[in-house]
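# Residue-level structure breakdown
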Amino acid sequence: MLKKIADNALIACNIFILFLLVFYQQLHIPAWLQVAGRMHPLLLHFPIVLIILAVALDFMKFKDRYLLNGLWLAGCLSAAISVIMGIILSREEGYGGDMLAWHKWAGIAVLWLATAFYWYRSTKITAETPPSRNKFLKPGGALLLVSIAITGHFGANLTHGDDFLLAPVTPKPKAVPIDQALVFDHLVKPILEQKCFSCHNSAKAKGELLMQTKEQLLKGGKNGPLFIAGNPAASLMMERLHLPLEAKEHMPPKGKTQLTPEEIDILHQWISHGADFKTKVAELAKEDTLYQLAAQFLAPPAADEYTFAAASAATIQKLNNNYRVIYPIARNSPALVANFYNKTQYSKKALEELLPLKAQLVELHLQKMPVQDEDLAIIKQFTQLRKVNLDFTAIKGTGLKELATLPHLRSLALSGTAITLAHLQPLLQNKSLREVYCWSTSLTAADWQQLAKQKQVRFEKGYADDGSNPLKLNPPVIENEQTIFLGKHTLALRHPIKGAEIRYTLNGTEPDSLSSPVYTDSLRLDSSFTVKARAFKPGWYGSETVQARFLKTTFQPDSAVLLKPANEKYVGEGARTFLDHQTGNFDFGSGKWLGFRFNEMELLLLFRKPVNVSAVTVSTMQRKDSYIFPPQRLEVWGGADPGKLTLLKTISPAMPDKDTPPAYNSLECKFPGKEVTCLKVVAVPLAKLPAWHEGKGQKAWVFVDEILIN
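Basis of the calculations
- Residues numbered from 1 in each chain as written.
- Predicted model: local features only at pLDDT ≥ 70, side-chain atom pairs only at ≥ 80, totals over all residues.
- Heavy atoms only, no water.
- Helix = DSSP H or I, 4+ residues; strand = E, 2+ residues; numbered from the N terminus.
- Contact = heavy atoms within 4.5 Å.
- Buried < 20%, exposed > 50% of the residue type's maximum accessible area, 1.4 Å probe, protein only.
- Pairing = 2+ DSSP bridges.
- Arc of directions from axis to C-beta.
- Core = buried A, V, L, I, M, F, W, Y, C linked by side-chain atoms within 4.5 Å.
- Axes fitted to C-alpha atoms, helices over the stretch in contact; angles between N-to-C directions.

## Structural notes on the environment of valine 611
Locating valine 611 in the fold gives a position in strand E21 (residues 601-622). C-alpha separation for the pair valine 611 and glycine 673, spaced 62 residues apart in sequence, amounts to 9.6 Å. Setting aside residues up to four positions removed in sequence, valine 611 forms contacts with Phe555, Lys674, Glu675 and Val676.

## Details of the pairing of strand E14 (residues 501-505)
Across the 5 residues of E14, 4 count as buried, placing the element largely inside the fold. Pairing of E14 with strand E16 (residues 529-536) involves 5 bridges; the strand directions are antiparallel. Bridging across to E16, threonine 505 finds its partner in lysine 532.

## Focus: helix H18 (residues 445-452)
Taken as a whole, H18 has its buried residues at Asp447, Trp448 and Leu451. Buried residues of H18, viewed axially, fall in a sector of 100 degrees; they line one side. Seen from the open side of H18, the exposed residues pointing more than 90 degrees away from its buried face are Ala445, Gln449 and Ala452. Among the structural elements, helix H17 (421-424) and strand E9 (458-460) are those in contact with the buried residues of H18.

## Some words on the sheet that holds strand E11 (residues 484-485)
If you trace the 4 strands from one edge of the open sheet to the other, you get E11-E17-E16-E14, paired in mixed fashion. In the strand order of this sheet, the two ends are held by E11 and E14, each with one partner.

## So, the nonpolar core
In this structure, Leu354, Leu364, Leu366, Leu390 and Leu414 are the most contacted members of the largest nonpolar core, which totals 44 residues. Within the residue set of this core, elements represented by two or more residues are helix H13 (313-319), strand E4 (336-340), helix H14 (348-352), strand E5 (361-365), helix H15 (376-379), helix H16 (400-403), H17 and H18. Within the second largest apolar cluster, 42 residues are counted, among which are Phe184, Leu209, Ile264 and Trp270.

## Describing the environment of proline 565
Inspection of the secondary structure assignment puts proline 565 in the loop between strand E18 (559-562) and strand E19 (572-575). On the basis of relative accessible area, proline 565 is assigned to the exposed category, the value being 53%. In sequence terms proline 565 and phenylalanine 598 are 33 residues apart; their C-alpha atoms lie 10.0 Å from each other. Excluding its chain neighbours within four sequence positions, the residues that come into contact with proline 565 are Phe596 and Asn599.

## Notes on the sheet that holds E9
With mixed pairing, the 7 strands of this open sheet are ordered in space as E3-E4-E5-E6-E7-E8-E9. The open sheet has two edge strands with one neighbour each: strand E3 (324-328) and E9. Strand-to-strand twist of the sheet, defined as the mean angle between neighbouring strand axes without regard to direction, takes the value 15 degrees. Examined bridge by bridge, strand E8 (residues 435-437) and E9 share 3 bridges and lie parallel to one another. Looking at the pairing, tyrosine 437 lines up with glutamate 460 of E9.

Right, dumping it as structure tokens:
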């Protein structure tokens, strides 16, 4: 009896799985059922063990047919339950892509292959079955084991990343020398690859956040931008990293490998420095915290191998004060850097006091100090110096011959000093010298031509504007603060640079310097519009485009009611958000947008007195990279009684393609004028994202910020 019940349960599970697959894209899993889906990783090992054990006993020609069939049945039934849980889990937000599809279908193939194997064994194989009838049991079992291995491989990639299996035996890349490294590529990106990519990749975009490219990092996820350049305290990335480990939104999740304090500090410092993707580590000041962190993770410059003994910590501490700072060039390095500050405190004696460190000092920064030529005889004694900065000091150049004898000197900065070509000649005798910075000096064009002939030393003269490198204009300024208006509206633009010409468009195209209209002193408009403007001026590059949208409305409802709730993460101020005359930007998590995905937006607008309505405009956002599309269908209903409304207009907005940029859409529903006291606006999210989209088949989001009437 028990076997019959289990057999029927197995049949029922397989039929239910077929049902789930047919209606897969329409599945909406309630929160209470998501708990069952999340048990998939816990349960899946049970059927794997049972099936592998059953195959092994088959290989060993186990004699107890009833026990073996029972083992096969238990393995198949538990595999079916695991598949059902996996399908439920895959419908949660953040799962998608080819890896998920391969894992899903491979897992289903294992179930159906094992089920077929079980039915054949239990109905066709008996104790009296001749061996010739059993000849494909072993090949079939081997095929099943291979299928399990393939399914497990896809599951591991989905959970831990593509390189999970071979990571222990994959050779690690060699550390990049610090003087060749980029902050993002060689410090930040490796942290993201190791600790974040497993959950935020093209196969498993948790929170709709992808982190594998620069564009994906800048886009952010469903909760908005990942970081705010220059402001780590307000950045979502840092907020999630600093949450308690037990918190649901702590990242990485509990159970995953956590970031070290040094790694968190690198991300913090990178954001604090502007989150730039091209900054070189060598461009940072040596005393900068980010540089010091980089020195821990990156290889030292290949040319610098410091074999001398370190100075005592007591000596370094004694020589540090408010106007002179000494610090190691890298953690645990004997090489030291000295910086002087406050020119009123500088003296020849202050330089001489550093002589106890003459065997450890490799960089000396004296820029803007009142250094005299006779002071260079003291600097000559610091024989380990690689870099000396004398920019904008008081030297005349006569003492530069003293520096020519420094055996390791590679970089010398002399900009803003009174040096001449004759003063630079002795430096050419130094075989280690590679670069000399000497812009803003009295060197003539003929002098520079002569210096350019030198092959060993690069003399840097800096940037000189000869008119061949025009600068780029900054964008025009839109002075209007109010973006929703009644009647007519005056657009006010200005540019801070005298003589700059502002050209604009109102049709969505990019302004150019030839065909676009020129803005004069004001522009009066009486309908909703989106303005794009650029600045142009002879001898300058045109500015970037600035854009703003302005929306016209005629009637203001007295009250508004949402008949279906917005998504709990994007509720704004409820129905008031649609009528507050504040348009949102592309930050859909700013609180100025309401987001809908599994619910249709149904908004009821009420008027105390009847109004004649002939048009309703719904302001929406379009950001396909964040799964935000125009509504599939937009309906406007009207009448005097909320329970007896008439359909006034239905439109189906055009959908973006894969090349459509982010945009704001003012979707207008026009119809013959009707006197109403109630209006209902319905926006239906797109049921299936198109095949070209990374979330193909999933539901799209609809985001709305304003409803305008007439």
